[in-house]
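# Descriptive analysis of the structure
As a plain string of letters, each chain reads:
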Amino acid sequence: MKAPPKTLAMALSVLGLLGTREVVAADLKQHLIAAIDAPDGRSDGGLSGRMAEFFKGQTRSPAPVRLQVRTLRKFAEAGCARLEATLIQEDVPTKDGKRIPLAVRYELNLCRDGQLPTEGIDLDAASRVFSGESRRQ
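We now turn to the structure provided with this report. (Residues numbered from 1 in each chain as written. Predicted model: local features only at pLDDT ≥ 70, side-chain atom pairs only at ≥ 80, totals over all residues. Heavy atoms only, no water.)

### Describing the overall build of the chain
- Secondary structure assignment for the chain yields four helices and four strands.
- Going residue by residue from the N terminus, the α and β elements of the chain occur as α-α-β-α-β-β-β-α.
- For the chain, the share of sequence-separated contacts (at least 6 apart) that also reach a separation of at least 24 residues comes to 50%.
- Here the chain has roughly 8900 Å² of accessible surface; of this, 55% comes from carbon and sulfur atoms. (Helix = DSSP H or I, 4+ residues; strand = E, 2+ residues; numbered from the N terminus. Contact = heavy atoms within 4.5 Å. Areas by Shrake-Rupley, 256 points an atom, 1.4 Å probe, with all protein chains shown as cover.)

Below you can see the structure in the form of structure tokens.
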């Protein structure tokens, strides 16, 4: 099943905001790091601040936004994990006038210092991509 383009755009926007050092995603980052630190690997709570307002603006619903995060796996690198985050909002209007619950789920790799883990990354290939070299050279 394909996700609607708007849902994909929202998920990409959220991931983009996580990569910034701005306060916009500070509340979201706190929940993600809480899941990394939690003994059961989970964090669940309300999302507030500018990130919640951004999400509400995209969905056109004033309903509260909830965030559930669970750790899918820990990396060998201390404080780093693969996380699944789900943004949940009830009472989201549809084009045909109905109101439905909406959940946007995505996965990401994250370390508690906010950086990406190096485990599993081919650093030689990544450096070629970023330097503009061809794979065939």
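### What about the nonpolar core?
- Formed by 21 residues in total, the largest nonpolar core has its most connected members in Leu-28, Leu-32, Leu-47, Leu-67, Val-69, Leu-83 and Leu-87.
- For this core, the elements supplying multiple residues, two or more each, are helix 2 (26-37), helix 3 (49-59), strand 2 (65-74), strand 3 (80-93) and strand 4 (99-111). (Core = buried A, V, L, I, M, F, W, Y, C linked by side-chain atoms within 4.5 Å. Buried < 20%, exposed > 50% of the residue type's maximum accessible area, 1.4 Å probe, protein only.)

### Here's the deal with the pattern of salt bridges
- Under the criterion given, the structure shown has eight salt bridges.
- For Arg-66, the salt bridge goes to Asp-44, with nearest N and O atoms at 3.1 Å. Placement of the pair is Arg-66 in strand 2 and Asp-44 in strand 1 (residues 42-47), with a sequence separation of 22 residues.
- For Arg-66, a relative accessible area of 35% puts it in the partly exposed group. (Salt bridge = Lys/Arg side-chain N within 4 Å of Asp/Glu carboxyl O.)

### Focus: the state of the cysteines
- Counted according to the given criterion, the structure contains one disulfide.
- Disulfide pairing places Cys-80 opposite Cys-111 at an S-S distance of 2.0 Å. Linking Cys-80 and Cys-111, the disulfide has an S-S dihedral of approximately 100° and is accordingly described as right-handed. Placement of the pair is Cys-80 in strand 3 and Cys-111 in strand 4, with a sequence separation of 31 residues. Of the two residues, Cys-80 and Cys-111, neither departs from the other in class, the shared state being buried. (Disulfide = S-S within 2.5 Å.)

### Structural notes on the sheet that holds strand 1
- Strand order in the open sheet formed by four strands is 1-2-3-4, and the pairing between neighbours is antiparallel. Each edge of the sheet is formed by a strand with only one pairing partner; in this case those strands are strand 1 and strand 4. For this sheet, the mean inter-axis angle between neighbouring strands, taken without regard to orientation, is 20°.
- Sheet topology note: the strand 3/strand 4 ladder contains 12 bridges and is antiparallel. Note that in strand 4 the partner of Ile-88 across the bridge is Ala-103.
- The strands touched by helix 2 within the sheet are strand 1, strand 2, strand 3 and strand 4, with strand 1 carrying the most contacts at an inclination of about 160°.
- In this fold helix 3 packs onto strand 1, strand 2, strand 3 and strand 4, with an angle of close to 50° to the strand it touches most, strand 3. (Pairing = 2+ DSSP bridges. Axes fitted to C-alpha atoms, helices over the stretch in contact; angles between N-to-C directions.)

### A word on the side chain of Asp-27
- Mapped onto the fold, Asp-27 is located in helix 2.
- Among buried Asp, Glu, Lys and Arg side chains, Asp-27 stands out as unpaired, with Lys-56 the closest opposite charge at 10 Å.
- Not counting chain neighbours up to four residues away, the residues in contact with Asp-27 comprise Gly-46, Leu-47 and Ser-48. (Lys, Arg positive; Asp, Glu negative; His and termini not counted.)

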